[in-house]
Amino acid sequence: MSKINYRKDQIPIMNYEKGTMAVPAVPGAGKTFIVTNLVAKLLAENKNEKGKILILTYMNSAANNFKGRIKKILEEKGIDSTNGFEVMTIHSLAAKIIKEKPEVMMLSEDFNIADDLQKTMMLNDCINTFRASGGETAYRYFLKEQKNQMWYDIQLEAWQDGFFELVAKAISSLKYNDITPQKLEENTLSNKGILKMISFIYKDYDKKLKQNGLLDYDDLLIYAYKTLSIDEQLREKFQNRYKYIFEDECQDSNEIQGKIIKLICEKNNNLVRVGDVNQSITGTFSSSDPRFFKEFMEEADHCYEMNMSNRSSADILELANNLVEFVCNDLEETECREALQQIEIETVEKGQGYKENPNPDKYQINAMWYKTFEEEILQTVRYLKGLKLKYPEKSIGILVPYNSQLSQVSKVLEQEGLEFEELGPNSKNKRRIIDNIAKIINFIINCDDIEVLIDVLSSVFIKTDNREGKNDFLNILREYSVEELLYSNVKDKPLIIDDKCEMYTTFKQGLNSLVEILEHSTTKVDELILFIKEKLDLKGEEKSLVDYIAFYVRYITNEMPNITLWEIYDVLSDNKSKVFNYMIDVVYEINGYEPQPGSITVCNYHKSKGMEWDCVFLLQLTQFHFPDNINQKFQCDKWYLKDKYKNTEALINNQIDLIVNGKLTQNYYKQTKIDIINEKIRLLYVGITRAKEMLIMMGSSYKSEEESKNTKKKQEPCLYLKILNQLIKEKREINK
């Protein structure tokens, strides 16, 4: 194995032997490479002695990546030390702690873990039960008064879309503040606020967990910390087991995770935490907070910056550094000046054998502004088509703020005949499997309806690129009854001239599959769905999605034994279902996603973290999506709620603070907005640093031409775009 030539910013890290060390690493610095090599070095030198090295990650895919890399390095060194290290997620560690002594927390030995999918299913069910059992009036009470029925329905739909996340985050916060459902109920008896409504849902959710012997991820962390705190013998056991602990992505850590790690490290005090404050973008929907990593950087024995990156061109790194410089020194909202850590990204040294930064032959950054979002999308696709013609091997990423905007971009890409990957729960391609199962269930219910049969054959089974020929063929089928097509010898006769073509063979296969499906029992719908899976031509991830669907159907049939097949069809047909959206996210993220050469990817800014493209389009850089002061319009101010309840998150935090401390300890209305500004700044930083060679930043004044008639709806470019555009203009002028 050849000797590795480490960069100058990596050498101090590789010299680490003991103590606490913080490693703030810029995007593209190679933190996985350095952590895996450092762990392998410590193992090779037997620094762990009789103990182990524990590497903690936040995703299973990351854990598998670390495990494979370390094993490979050790094999190349000829070292058999695979038992000297463990890689797991923080939640796996928590489960391991509790399972050692479940009796400490009065748990049975056979407790199970409710993953995020199960949590989503149960919580969604609890919300629906609350609304159906007399809570609908309270639920709608918070909506803004509206005489126009159409607008009232729009408000109700918006409330439904955001309510699940609001409840989920509130319950997590309640748990971390040690507020049980009973304690919350006692404190909201005379209260008519949102937390009163949540108390009913929390109580039901907690009951479901206990009835099924389940702990959710919040419970896991809380119980693990309490178990270690209470049981000294167990604490010593874990302290002796792990000589070193490495924590990856620790900018996304929360307070209790840090406390668990600190307890285990108490004896050996060997802790390495790696992360990037500037990429902390999960705080608005979780309990993570970059301040915990900031505090560790100040307290650690050593703090070494990995500030060199070979991902992006020098021009793109300069733009990212310019954003950091402005935010840290010149942003008028002074409380947001610490949103970013002032760390300057440097290009790697040339001629040293390292992979060097991309070096385009001209300045490849631009900023655009359009009248409408519709025009913004059209122009993006126009530029994109030009790029594909000129650079067919270049990967392209299109980033938007919200999932709801993905479909608008995807629609135009489809119309232009461009192949692309949409990373989001509303992706038509990914949603197609659920829709297909629903269509087959619909046919089972309406098995004598020729139009339903034709729909399921056309959507699910028949394969052809000849749209016109397919439509003609479907019209031929309308001349027959369902019974004739399924059970007579009609399908054995050539209905078209070319009866050997793909369209006709897949049609016949579809008819045979439907006959078998109709003959299968509908008593257990989950088993029926698994049977349907075997009759469909599915890939690995698609099969996994059907398994999840069957699991969910089993859950709802257990919860509602009298549910009908019609009602299950309605559940499957709900395009806005949080459960199915989460399923899609889980299934298609198990193996991760990596943009391939020549590919086009559409995703939101959050989803882009960890990825990179040759060319990146950043859309919707407006004041609303990327605010810079607390007096602007905010997404936390829900337009569809009464003024008193607009900032629901702040209201909930207020009430929790009163329960815990008996008084308000901070201004949550202001802090919620400060937190959003901070995270949006980091989100923009993440977006910029996804680009390797080319970056196009853009926005628009209105959503549509219709909206442009109302000047009150006009959006201004965000301040950051204005500031960065000054540099872009200067550079473009120099490079003319």
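Thresholds applied
Residues numbered from 1 in each chain as written. Predicted model: local features only at pLDDT ≥ 70, side-chain atom pairs only at ≥ 80, totals over all residues. Heavy atoms only, no water. 1 Å grid on protein atoms, 1.4 Å probe; cavity = no way out; pocket = protein on both sides within 12 Å on 5 of 7 lines; lining within 4 Å. Points joined across faces, edges and corners; volume = space filled by probe spheres on them. Axes fitted to C-alpha atoms, helices over the stretch in contact; angles between N-to-C directions. Helix = DSSP H or I, 4+ residues; strand = E, 2+ residues; numbered from the N terminus. Parallel < 35°, antiparallel > 145°, perpendicular 65-115°, else oblique. Left-handed = near helix turned anticlockwise from the far one by under 90°. Contact = heavy atoms within 4.5 Å. Pairing = 2+ DSSP bridges. Nonpolar A, V, L, I, M, F, W, Y, C, P; charged D, E, K, R; others polar. Buried < 20%, exposed > 50% of the residue type's maximum accessible area, 1.4 Å probe, protein only. Salt bridge = Lys/Arg side-chain N within 4 Å of Asp/Glu carboxyl O.

(A) Quick peek at empty space enclosed by the protein. By the definition in use, this model includes one cavity of 30 Å³ or more. Of the volumes computed, that of the largest cavity is approximately 70 Å³. Together, Q364, L387, Y391, K394, I396, D614, C615, E693 and M694 line the largest cavity.

(B) The packing of helix α4 (residues 90–100) against helix α10 (residues 232–241), seen in detail. The geometry of α4 relative to α10 is characterised by a closest axis approach of 10 Å and an angle of 135 degrees between their N-to-C directions. In terms of axis orientation, α4 runs oblique to α10. In this structure, α4 crosses over α10, and the sense of that crossing is right-handed. Facing α4, whose interface residues are L93, K96, I97 and E100, α10 presents L234, K237, F238 and R241.

(C) Region of interest: the sheet that holds strand β1 (residues 20–24). Here we have six strands laid out as an open sheet, ordered β3-β2-β6-β7-β1-β8, and parallel in their pairing. Both outer strands of the open sheet, β3 (85–89) and β8 (302–303), are each paired with one neighbouring strand and no more. Relative to strand β7 (residues 271–275), β1 runs parallel, the two sharing five bridges. Across the sheet, V23 pairs through a bridge with V274, a residue of β7. Together, β2 (52–57) and β3 form the strand contacts of helix α3 (residues 60–76), whose direction differs from that of β3 by roughly 165 degrees. Across the sheet, α10 is in contact with β2 and β6 (242–247); its angle to β6 comes to roughly 80 degrees.

(D) Structural context of the packing of helix α16 (residues 428–445) against helix α20 (residues 502–519). Running from N to C, α16 and α20 point in directions that differ by 65 degrees, and their axes come no closer than 11 Å. The two elements α16 and α20 cross, and the hand of that crossing is right-handed. On α20, the residues that touch I440, F443 and I444 of α16 are L514, I517 and L518. Of the residues assigned to the contact of α16 with α20, the class counts are six nonpolar, no polar and no charged.

(E) The layout of surface pockets, seen in detail. In this structure, the second largest pocket spans a volume of roughly 600 Å³. Around the second largest pocket, the lining is made up of 23 residues, and of these N124, N128, Y552, D574 and S577 lie nearest the centre. Every element with two or more residues in the lining of the second largest pocket is listed here: α5 (116–141), α6 (149–176), α22 (540–559) and α23 (565–573). At seven residues, α5 tops the list of elements feeding residues into the lining of the second largest pocket.

(F) Up close: the side chain of S708. Note on placement: S708 falls in the loop between β16 (691–702) and α27 (719–734). Judged by relative accessible area, which is 14%, S708 ranks as buried.

(G) Up close: the pattern of salt bridges. By the definition in use, this model includes 50 salt bridges. Between E86 and K52 there is a salt bridge whose closest N-O contact spans 2.9 Å. In this pair, E86 sits in strand β3 while K52 sits in strand β2, placing the two residues 34 residues apart along the sequence. Residue E86 is classed as buried on the basis of its relative accessible area, which comes to 14%. Given a relative accessible area of 25%, K52 falls into the partly exposed group. Across the salt bridge formed by D643 and K646, the nearest N and O atoms sit 3.4 Å from each other. Among the ionic contacts, a cluster of salt bridges with common partners joins K31, D248, E249 and K609.

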